[in-house]
Amino acid sequence: MPDNDSSGAHQVAALFSHGRLTAIPRKTARREQLLVHLTETLFERDRTYTEREVNEALLTVHEDCSALRRYLVVAGLLVRPKDGSSYRRGR
């Protein structure tokens, strides 16, 4: 029986085609799995990113970087000060 981690990774992998995200999942649980995966693969812990750097990283997987960035911030996976001047990995 597969453990939850590997099945979650497989479900996330199914969202990609040729290294690109085919669609942002509508279902909250699936989107959360994707967002955690993107955070872990695109952003280093203890590093500060500019909005441009966040956008460039997200553009490597999907053209709607602003939607992905917003989802990451709402989920608490990326945190930013009120002025939006920088981003860091959250939880």
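This text goes with the structure placed above it.
A quick note: this is a predicted structure, and the numbers were derived from the prediction, not measured.

Below, the discussion takes up the overall build of the protein. Secondary structure summary: the protein contains four helices and four strands in total. Along the protein, helices and strands appear, N-terminal first, in the series α-β-β-α-α-α-β-β. In terms of overall size, the protein behaves like a compact globule, its C-alpha atoms giving a radius of gyration of 13 Å where 91 residues would be expected to give roughly 12 Å. For the protein, the residues scored as buried account for 32% of the 91 residues in total. When the accessible area of the protein is evaluated, it comes to approximately 6000 Å², of which 50% is carbon and sulfur surface.

Burial in helix 4 (residues 65-74) covers these residues: Cys 65, Ala 67, Leu 68, Arg 69 and Leu 72. Buried residues along helix 4 sit against strand 2 (20-21), helix 2 (28-42), helix 3 (51-59) and strand 3 (78-79).

Unusually for a residue other than glycine, His 18 sits at a positive phi of about 55°. Using a relative accessible area of 82% as the deciding quantity, one classes His 18 as exposed. Even without a glycine there, the phi angle at Asp 46 is positive, about 60°. Position of Asp 46 among the secondary structure elements: in the loop between helix 2 and helix 3. For Asp 46, a relative accessible area of 71% translates into the label exposed.

Our focus in this paragraph is the packing of helix 3 against helix 4. Here helix 3 crosses helix 4 at 110°, and the two axes come no closer than 9 Å. Taken together, helix 3 and helix 4 sit at an angle that is classed as roughly perpendicular. As helix 3 packs across helix 4, the resulting crossing turns out to be right-handed. Residues Glu 51, Val 54, Asn 55, Leu 58 and Leu 59 of helix 3 pack against Cys 65, Leu 68, Arg 69 and Leu 72 of helix 4. For the contact of helix 3 with helix 4, the class distribution of residues is six nonpolar, one polar and two charged.

So, on to the packing of aromatic side chains. Enumeration over the complete set of coordinates arrives at one aromatic pair. Judged by centre distance (5.2 Å) and plane angle (85°), the rings of Phe 43 and Tyr 49 are edge-to-face. On the basis of relative accessibility, which here comes to 4%, the residue Tyr 49 falls in the buried class. One Lys or Arg, Arg 31, reaches over the ring of Tyr 71 and ends 4.3 Å from the middle of that ring.

Basis of the calculations
Residues numbered from 1 in each chain as written. Predicted model: local features only at pLDDT ≥ 70, side-chain atom pairs only at ≥ 80, totals over all residues. Heavy atoms only, no water. Helix = DSSP H or I, 4+ residues; strand = E, 2+ residues; numbered from the N terminus. Rg over C-alpha atoms; globule rule 2.2 N^0.38 Å. Buried < 20%, exposed > 50% of the residue type's maximum accessible area, 1.4 Å probe, protein only. Areas by Shrake-Rupley, 256 points an atom, 1.4 Å probe, with all protein chains shown as cover. Contact = heavy atoms within 4.5 Å. Axes fitted to C-alpha atoms, helices over the stretch in contact; angles between N-to-C directions. Parallel < 35°, antiparallel > 145°, perpendicular 65-115°, else oblique. Left-handed = near helix turned anticlockwise from the far one by under 90°. Nonpolar A, V, L, I, M, F, W, Y, C, P; charged D, E, K, R; others polar. Phe/Tyr/Trp six-rings, centres within 6.5 Å; stacked < 30°, edge-to-face > 60°. Lys NZ or Arg CZ within 6 Å of the ring centre and 35° of its normal.

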